[in-house]
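# Chain and residue survey
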Amino acid sequence: MTTIGLPTGDGGIAPFEMGAPRAAVEPPKRPFNRIAFAAAHVVADPLADNDPWIEPAIDWDATLAFRRHLWRLGLGVAEAMDTAQRGMGLDWETSLELIRRSVAEARDMPGAAVASGAGTDHLAPDPDLAIEDVIAAYEEQCAAVEAAGGRIVLMASRALAAAARGPEDYLRVYDRILSQVAEPVIIHWLGEMFDPALAGYWGHDDHWRAMETCLAAIEADAARIDGIKISLLDKDKEIALRRRLPDGVRMYTGDDFNYPELIEGDEAGYSDALLGIFDAIAPAASAALAALSGNRAEDFRAILAPTVALSRHIFRAPTRFYKTGVVFMAYLGGLQDHFVMVGGQQSARSVVHLAEIFRLADRAGLLPDPELAAGRMRDTMRLHGIAA
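Residues numbered from 1 in each chain as written. Predicted model: local features only at pLDDT ≥ 70, side-chain atom pairs only at ≥ 80, totals over all residues. Heavy atoms only, no water.

## Some remarks on helix α11 (residues 297–314)
A rise of 1.5 Å per residue sets the reference length of α11, with its 18 residues, at 26 Å; its end C-alpha atoms lie 25 Å apart and thus fit the reference within 8%. When the local axis directions of α11 are compared, the greatest deviation, roughly 35°, occurs at A305, which is followed within four positions by the proline P306. Listed as buried for α11 are F300, I303, L304, T307, V308, L310, S311, H313 and I314. (Helix = DSSP H or I, 4+ residues; strand = E, 2+ residues; numbered from the N terminus. Expected span 1.5 Å × (residues − 1). Bend = angle between axes of the 7 residues up to and from the residue. Buried < 20%, exposed > 50% of the residue type's maximum accessible area, 1.4 Å probe, protein only.)

## Let's talk about the packing of aromatic side chains
This structure, assessed with the given rule, holds 15 aromatic pairs. Considering the side-chain rings of Y174 and W202, the 4.7 Å spacing of their centres and the 35° angle between planes classify their relative orientation as tilted. Taken together, the residues Y174 in helix α5 (residues 167–178) and W202 in the loop between β7 (185–190) and α6 (207–220) connect sequence positions 28 residues apart. By the burial criterion, Y174 is buried, and W202 matches it. Seen from their ring centres, F194 and Y322 are 5.9 Å apart, and the 85° between their planes marks the pair as edge-to-face. Linking F194 in the loop between β7 and α6 with Y322 in helix α12 (residues 322–332), this pair joins segments that are 128 residues apart in sequence. A residue is classified by how much of its surface remains accessible, and Y322, at 1% relative accessible area, is buried. Cluster of aromatic residues (ring-pair linked, three or more members): Y138, Y170, Y174, W189, Y201 and W202. Note that R34 overlies the ring of Y270, its terminal NZ or CZ placed 3.6 Å from the centroid. (Phe/Tyr/Trp six-rings, centres within 6.5 Å; stacked < 30°, edge-to-face > 60°. Lys NZ or Arg CZ within 6 Å of the ring centre and 35° of its normal.)

## Looking at the environment of S293
In this fold, S293 is placed in helix α10 (residues 282–293). Note on S293: relative accessible area 13%, which makes it buried. Taking C-alpha positions, S293 is 43 Å from A164, a pair spaced 129 residues apart along the chain. Looking at S293, its side chain comes within polar contact range of the main-chain nitrogen of N33, at 2.8 Å. (Polar contact = N/O pair within 3.5 Å; in protein donor to acceptor, adjacent residues only side chain to side chain.)

## Re the sheet that holds strand β9 (residues 250–253)
On the basis of which strands lie adjacent, the closed barrel formed by 8 strands has the order β3-β4-β5-β6-β7-β8-β9-β10 and parallel pairing. Taking each pair of neighbouring strands and ignoring which way they run, the sheet shows an average axis angle of 30°. Note: strand β6 (residues 152–154) against β7, 2 bridges, orientation parallel. Bridging from a neighbouring strand, V153 pairs with I186 of β7. Against the sheet, helix α1 (residues 60–72) contacts β3 (36–39), β4 (76–79) and β5 (114–118), and its axis sits at roughly 140° relative to β4. (Pairing = 2+ DSSP bridges. Axes fitted to C-alpha atoms, helices over the stretch in contact; angles between N-to-C directions. Contact = heavy atoms within 4.5 Å.)

## Details of the state of the cysteines
One pass over the full model with this rule turns up 0 disulfides. The cysteine C142 is free of any disulfide, with C214 supplying the nearest cysteine sulfur at 16 Å. The class of C214 is buried, set by a relative accessible area of 0%. (Disulfide = S-S within 2.5 Å.)

## Examining the packing of α1 against helix α2 (residues 92–106)
Two elements in contact, α1 and α2, have axes whose closest approach is 11 Å; the angle formed by their N-to-C orientations is 50°. Relative to α2, the element α1 is oriented oblique. Remark: the crossing between α1 and α2 carries right-handed chirality. Side by side, α1 and α2 meet where W60, T63, L64, R67, R68 and W71 of the first sit next to T94, E97, L98, R101, S102, E105 and A106 of the second. When grouped by side-chain class, the residues that make up the contact of α1 with α2 number 5 nonpolar, 3 polar and 5 charged. (Parallel < 35°, antiparallel > 145°, perpendicular 65-115°, else oblique. Left-handed = near helix turned anticlockwise from the far one by under 90°. Nonpolar A, V, L, I, M, F, W, Y, C, P; charged D, E, K, R; others polar.)

Right, here's the structure in full:
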């Protein structure tokens, strides 16, 4: 077994003995009985001569290779979402290029699913914005995604959150956009724990009151909505909303704390999945979903149970920095060759935080090559001035 010294929260270094990785996961032999999208990260180009806080530089080959990895495991790709650092390093122009490339790549892989984020992030939030400006920004991005052959995830809008004077403005915007889409969309309610600029979305600071506005928007245009992804990290709120959705409208869990029980469901229904953590735990997610599809619920629970502690650590507050942990997992797992992120976001978490990701990923069996992972953890520690 490989042993590595890892930094601890008290300023020390403690030895950690790595365990055995999970057996390699084969592509699923049949479709899952849940729809499952992984919100995928982007791989930065470490050789680009750019100012990373200002201008994103993408390694397109590595970014698309990661998407093929997800598709081979039977997962769909939720493209250009917050996991791809949308609004935290990835601008709209680069997002659209990412969407175009991902949709084109999916055409060469039978069964590969892509849903792409359309929002208003090319419009700077401002309380003085007119609601018509927000509508026009949404229209521009939705038209671009559809022109690329993409399916829309209607992302929450910082501009709308800044400009709206109450719930009626949200209803007006969503009704206008939904009336124009070519095919049913997924609405994304992203909570303020993921993006503080979205506090008070749907016109209320209280989530339960906001839920009433959200439901009104869905009920008004249910035929144009495939589902809603809710990212509030509160299973009770998700279940309550799920039970009130109109027939035919799916709940896509975005709860990276409680996803196993929400996906498994209860006597009244279940959630499909559109999760950032599925990027980091894709092999386990695939194996668990295959088990659930084969009526092996106990295996489903057993596979995902050790991933929950890892996910809660990656998504701990400030939750918006979870992308750092997701990319670090891809680096440790040998799915990319470096730990560089657009926007310089590799610096958003401490080395102690990264060391705990290493421990929890190992305990979940998610480090397929322990020697490689240990070597990369040591390299990370050396960059932080820690002799490893």
